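This is what each chain is made of:
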Amino acid sequence: ILNVEQSPQSLHVQEGDSTNFTCSFPSSNFYALHWYRWETAKSPEALFVMTLNGDEKKKGQISATLNTKEGYSYLYIKGSQPEDSATYLCASGTGANNLFFGTGTRLTVIP
Amino acid sequence: DVKVTQSSRYLVKRTGEKVFLECVQDMDHENMFWYRQDPGLGLRLIYFSYDVKMKEKGDIPEGYSVSREKKERFSLILESASTNQTSMYLCASSLRAGWGVLTFGAGSRLTVL
């Protein structure tokens with residue numbers, strides 16, 4: 001079982017603030033890193049899947065980076081909006097049949 | 001858009017009952033998965049299937065079984081429900097072999113009394 005850690009567990013930001021959170025994972029035998037957004041009462045929704053060291057991906061105001069050598073990924077949200085309020089999950093895999101999720105970062109954007 | 005549909009959003013069952021959680025996906029995905037979500041823990045994989053009639057144990061298969069008779073349908077079975085199986089259950093599917101993007105259902109919250 002892979003130890004995937006996310007920090008912080010939760011945070012509150014004001015509308016318009018930019019924010020970021022971290023996903024840490026063991027760097028050995030790295031295969032892929034996933035980010036998902038999970039809004040209350042909805043399905044988790046895929047944001048990014050990254051596989052290469054140095055990968056950077058962007059979707060609207062959300063972006064992510066990946067450092068496989070040191071075992072971390074950052075998720076950035078620029079200019080947070082109330083609709084960005086959700087739990088953000090990351091998951092790391094070491095092979096085709098192993099994908100381990102962190103406990104998530106719960107973001108609340110205050111209007 | 002790929003849709004993954006879970007048959008029940010909320011279920012309440014009694015200890016010892018047999019429970020079926022159904023999941024259907026509509027985009028011809030090869031791979032299907034069952035996870036459970038508990039407070040303070042990440043999503044944990046119970047079982048997955050990469051083809052019809054094929055199944056593989058995940059990290060926490062004890063107390064569960066699965067069935068995949070058709071490509072689009074993946075069922076999770078609790079043979080004799082126990083209170084420690086009270087949880088949120090999420091079904092997911094993916095197109096690619098290996099860990100392609102997961103498309104999740106909305107979840108089934110099971111309470112075992």
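Only a predicted model underlies this, so the values are computations on that prediction, with no experimental measurement involved.

Enquirer: Can you lay out the packing of aromatic side chains for me, pointing to particular residues and giving the numbers?
Expert: Following the criterion strictly, the structure yields 12 aromatic pairs over all chains and no others. Measuring from centroid to centroid gives 5.5 Å for Tyr36 of chain A and Phe104 of chain B, while their planes differ by 90°, and the two rings are edge-to-face. Of this pair, Tyr36 of chain A sits in strand β4 (residues 32–38) while Phe104 of chain B sits in strand β10 (residues 103–104), which puts the two residues in different chains. A single burial state applies to Tyr36 of chain A and to Phe104 of chain B, both of which are buried.

Enquirer: Quick rundown of the sheet that holds strand β7 (residues 62–67) of chain A? Include the residues and the values.
Expert: Residues and elements named next belong to chain A. Within the open sheet, the five strands sit side by side as β1-β3-β8-β7-β6. Their pairing is antiparallel. The outermost strands of the open sheet, each flanked by one partner alone, are β1 (5–7) and β6 (56–59). Taking the axes of each pair of neighbouring strands and ignoring which way they run, one obtains an average angle of 15° across the sheet.

Enquirer: Give me the lowdown on the pattern of salt bridges, citing residues and values where you can.
Expert: All names here are of chain B. Enumeration according to the criterion identifies nine salt bridges over all chains in this entry. Here Lys18 and Glu79 are joined by a salt bridge, their closest N and O atoms 3.5 Å apart. Of this pair, Lys18 sits in the loop between β2 (10–13) and β3 (19–25) while Glu79 is found in the loop between β8 (73–78) and β9 (87–94), placing the two residues 61 residues apart along the sequence. The class of Glu79 is partly exposed, set by a relative accessible area of 44%. Lys71 is the partner of Asp28 in a salt bridge, and the nearest nitrogen-oxygen pair spans 3.0 Å. Placement of Asp28 in the loop between β3 and β4 (31–37) and of Lys71 in the loop between β7 (65–70) and β8 is noted, with a sequence separation of 43 residues between them.

Rules and cut-offs
Residues numbered from 1 in each chain as written. Chains lettered and ligands numbered in written order. Predicted model: local features only at pLDDT ≥ 70, side-chain atom pairs only at ≥ 80, totals over all residues. Heavy atoms only, no water. Phe/Tyr/Trp six-rings, centres within 6.5 Å; stacked < 30°, edge-to-face > 60°. Helix = DSSP H or I, 4+ residues; strand = E, 2+ residues; numbered from the N terminus. Buried < 20%, exposed > 50% of the residue type's maximum accessible area, 1.4 Å probe, protein only. Pairing = 2+ DSSP bridges. Axes fitted to C-alpha atoms, helices over the stretch in contact; angles between N-to-C directions. Salt bridge = Lys/Arg side-chain N within 4 Å of Asp/Glu carboxyl O.

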